[in-house]
Amino acid sequence: MEDLFGGGIRSKRRIQTGVQPIEPSYQLPPFNPDFLEKYDESGSSEKLSPLSSTSTQNLLTKPWPSRPQALDKGLTGWRWWDSTVDMIMLMLPLPFIILVIAAIIVDGRPVDGDQTTLLDQAIKGATTVFPIFFAASTGRAAVKYATWRLEQGTSLGELEQLMGSRTVASTFTTQIQLRSFNLIGLVLLIVWSLSPVGSQSVLHILSTPQKPQSSTSNVSYINTRQQEYAAPAGAFYNTWFSTFSVLFGSSILAPSIIKESPMDSWGNFKVPLFSSVLSAGFPTDEDGWASLPSNFTPTYSSLFGIPVQGFDIGTTAFNVESTYIELSCGNMSVTPQNANGSKSALISTQGPFVSFVDVPVNAPFAIGYKGPDILAIDAASAGDDSPYTVPTTCPDCLRSDLRNMTIDPGTLLFEEYEGLDNISSVSCTPSQQYVESTVSCVKTSGSQNCRVTAQRLSTLAHMPSAITAFSFPKAALGISALLPNSTPQFFDVNLIENYIYTPESIASIISGEASLGMNEGQTPLLGVTPKEFSDRFGQMLNTFVYGSTWNSTPYIIGAPFEGIEYSRIGGNNASFVVAETQGDLVAMIQNQTAAFTVPATLITTSRVYKVDYPWLIAFFICTIVMLLAAIIGVYYSRQTIVPDYLGFVSSLAKESPYIRMPDVGVNMDGMDKARLVKDVKVRLGDIAESGETSGQIGRLAFARMQETKPVKKGKLYI
């Protein structure tokens with residue numbers, strides 16, 4: 001190659017590139033840097049240092065340290081600023097380590113409002129500052145390691161690889177641009193990829209899901225096995241029968257969604273017929289329990305539910321002992337009415353099916369019962385006729401030795417009268433069923449929902465199922481006299497009959513055909529199957545019996561049970577002593593306790609802290625890598641005695657022959673030099689003097705701005 005610089009370096013061979021070099025048609029002048037001929041021993045330069053000693057561009061007026069200096073960055077000569085930076089770098093991972101420890105400590109604990117706010121703010125803050133702190137620690141470690149490698153001696157490629165890997169993006173682009181796919185590049189890529197992983201993983205380390213927590217509690221419910229007062233005259237009729245009639249009629253007229261609901265109109269849970277559960281095909285376990293799915297709608301024993309009180313907010317599960325009458329009815333028969341003008345030849349005060357009064361001429365239907373009088377057998381119960389404190393009208397009121405007795409259940413006769421023409425008759429066999437039900441109630445601050453979730457036949461001692469409310473004369477006569485009068489009776493409005501026809505349709509119940517309506521001798525009862533009649537008429541009977549227990553109507557609509565506890569003028573009090581064992585419950589039943597208190601399991605769903613440990617481990621690993629990067633930065637900073645040179649423009653300026661700095665301050669790092677020369681204006685521009693290349697080719701160099709000219713697009717430079 002031609003001697004371009006006159007005494008400069010001669011190239012022995014041409015560098016082969018993809019572009020053919022341009023051979024100029026003129027000879028370049030020899031290159032002779034100004035400082036070689038104008039820089040004297042005093043350190044002044046006519047060209048490179050302005051003559052004015054007060055100019056900010058005069059490099060010689062700066063407070064440079066004396067020379068020579070020893071290269072010393074050990075502990076004894078370490079500056080307080082560098083030590084402070086090292087301490088800060090080592091402390092950057094500390095908040096994240098504390099956050100990891102705090103998350104582990106609160107794992108599984110109930111959520112605390114103030115604590116949640118603090119943790120939430122800490123997590124959000126960590127998400128923001130983690131990549132910043134990670135970049136500060138890792139970038140500094142890369143620079144310090146590169147400086148140490150420079151001191152020890154290394155390749156330019158390694159230095160470029162390290163210095164170009166001080167951010168996530170630059171790390172990836174540097175490896176690609178340098179095509180340096182080596183171990184250092186792999187480590188840098190792995191380390192820097194942890195920055196976004198750490199900032200995102202912290203968002204997932206802690207959550208506050210709802211967690212069920214179980215505890216014990218107590219609930220109280222009305223005893224359905226207690227005495228009932230459905231006598232045709234007396235306290236029940238004179239005191240609360242009118243209130244019962246209102247509740248009874250409103251239950252019949254309730255929307256179908258209420259009738260099919262597990263609760264009645266007042267939030268009391270309804271007891272299913274256990275036979276409907278079994279007929280649905282649900283299996284029983286070894287203890288006899290059959291589970292009821294939530295989407296199953298059983299046939300309920302009554303329109304009234306059982307009142308229960310004492311819930312706390314949450315899900316409460318408890319067992320309930322109850323009883324109900326179940327009917328088994330045969331086929332319907334239609335016979336003509338008697339010609340003598342009497343309404344019925346079977347139902348009367350004289351029997352054979354006994355009622356309280358003879359059937360009135362305008363009666364749409366009548367009820368009569370034929371069966372044994374249980375009080376004639378149990379003379380001890382029959383001897384006390386008190387309607388209040390010594391009840392006698394319930395199976396559990398009888399002597400315990402009657403439990404093994406075989407008795408005729410009797411027959412219940414229902415007759416419907418079609419004007420003065422025909423009589424539609426259905427005979428039914430009543431039986432008293434005793435069941436144990438598991439009830440689940442979910443209570444919130446604004447609502448309460450209960451349903452029976454499992455059921456089995458009761459394991460407690462009880463009377464034979466043949467002994468029912470009809471086995472007691474007062475109850476049987478009361479049902480025959482009062483049940484037909486519990487709702488209004490008009491030509492086309494008969495709520496009880498119309499419920500038996502179509503219980504789902506309110507319109508049909510109100511205005512459907514009744515016995516005295518113009519139905520042309522055809523009763524809708526003929527379209528009701530024996531099973532449907534058994535269930536529907538049984539619901540009417542159980543609703544009546546439930547409603548006639550001791551002062552039940554106030555408690556059906558939500559009156560507190562404490563009123564029962566302090567009132568003994570018609571039945572025994574409510575017990576708020578928990579029946580811990582079956583023996584306790586049997587004693588309460590025998591004592592005819594008005595309401596039982598039983599143990600329950602309360603499940604509350606409180607929010608708790610839950611740590612996602614895979615995310616926590618990922619965040620912890622990223623934090624440890626940040627700590628290791630900080631330690632590496634401190635370690636190599638202490639192992640290096642040369643000043644920080646890489647990455648500073650002042651270092652580049654010092655090595656430029658066009659920006660002459662004094663040969664002093666060898667122990668100053670790049671930032672120290674930068675503070676001294678920060679006001680000097682520089683430019684990467686054209687330093688060729690006029691006539692040097694006839695203006696056709698310029699010299700590109702890093703020099704002070706006043707000694708360069710701006711570069712031009714399209715011009716050739718060397």
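Look up a bit, the structure's there.
So, here is what we can say about the structure in this document. (Residues numbered from 1 in each chain as written. Predicted model: local features only at pLDDT ≥ 70, side-chain atom pairs only at ≥ 80, totals over all residues. Heavy atoms only, no water.)

## A look at unusual backbone geometry
The linkage connecting G351 with the following residue, P352, adopts the cis geometry, with an omega of 15°. With respect to the helices and strands, the residue P352 is situated in the loop between β7 (347–348) and β8 (353–354). (Helix = DSSP H or I, 4+ residues; strand = E, 2+ residues; numbered from the N terminus.)

## So, the nonpolar core
Ranked by size, the top nonpolar core spans 91 residues in total, and within it F269, F318, L483, F533, F537 and F544 carry the most contacts. Discounting residues that sit within four places of it in the chain, F544 has contacts with A230, F236, F241, F244, G478, I479, L482, L483 and S486. Formed by 27 residues, the second largest nonpolar core is a distinct cluster that contains L99, V202, V625 and M626. (Core = buried A, V, L, I, M, F, W, Y, C linked by side-chain atoms within 4.5 Å. Buried < 20%, exposed > 50% of the residue type's maximum accessible area, 1.4 Å probe, protein only. Contact = heavy atoms within 4.5 Å.)

## Observations regarding the state of the cysteines
One pass over the structure, following the stated rule, counts 2 disulfides. The residue that forms a disulfide with C329 is C428, at a sulfur-sulfur distance of 1.9 Å. Its S-S torsion of approximately 100° makes the covalent link between C329 and C428 right-handed. Of the two residues, C329 sits in strand β5 (residues 314–329) while C428 sits in strand β11 (residues 422–443), which places them 99 residues apart along the sequence. An identical accessibility class is assigned to C329 and C428; each is buried. Paired by a disulfide, C441 and C450 hold their sulfur atoms 2.0 Å apart. Disulfide C441 to C450: torsion about the S-S bond roughly 120°, handedness right-handed. Taking the relative accessible area as the measure of exposure, C441 reaches 1% and is therefore buried. (Disulfide = S-S within 2.5 Å.)

## A word on the packing of helix α4 (residues 113–152) against helix α7 (residues 183–201)
At their nearest, the axes of α4 and α7 sit 8 Å apart, and the two run at 165° to each other. Of the possible angle classes, the one that applies to α4 and α7 is roughly antiparallel. Between α4 and α7 lies a crossing whose hand is right-handed. Taken together, the residues of α7 that come into contact with α4 (itself represented by T127, F130, P131, F134, A135, T138 and G139) are V191, W192, L194, S195, G198 and S199. Considered class by class, the residues forming the contact of α4 with α7 number 7 nonpolar, 6 polar and no charged. (Axes fitted to C-alpha atoms, helices over the stretch in contact; angles between N-to-C directions. Parallel < 35°, antiparallel > 145°, perpendicular 65-115°, else oblique. Left-handed = near helix turned anticlockwise from the far one by under 90°. Nonpolar A, V, L, I, M, F, W, Y, C, P; charged D, E, K, R; others polar.)

Don't take any of this as a statement about function, it's just geometry.
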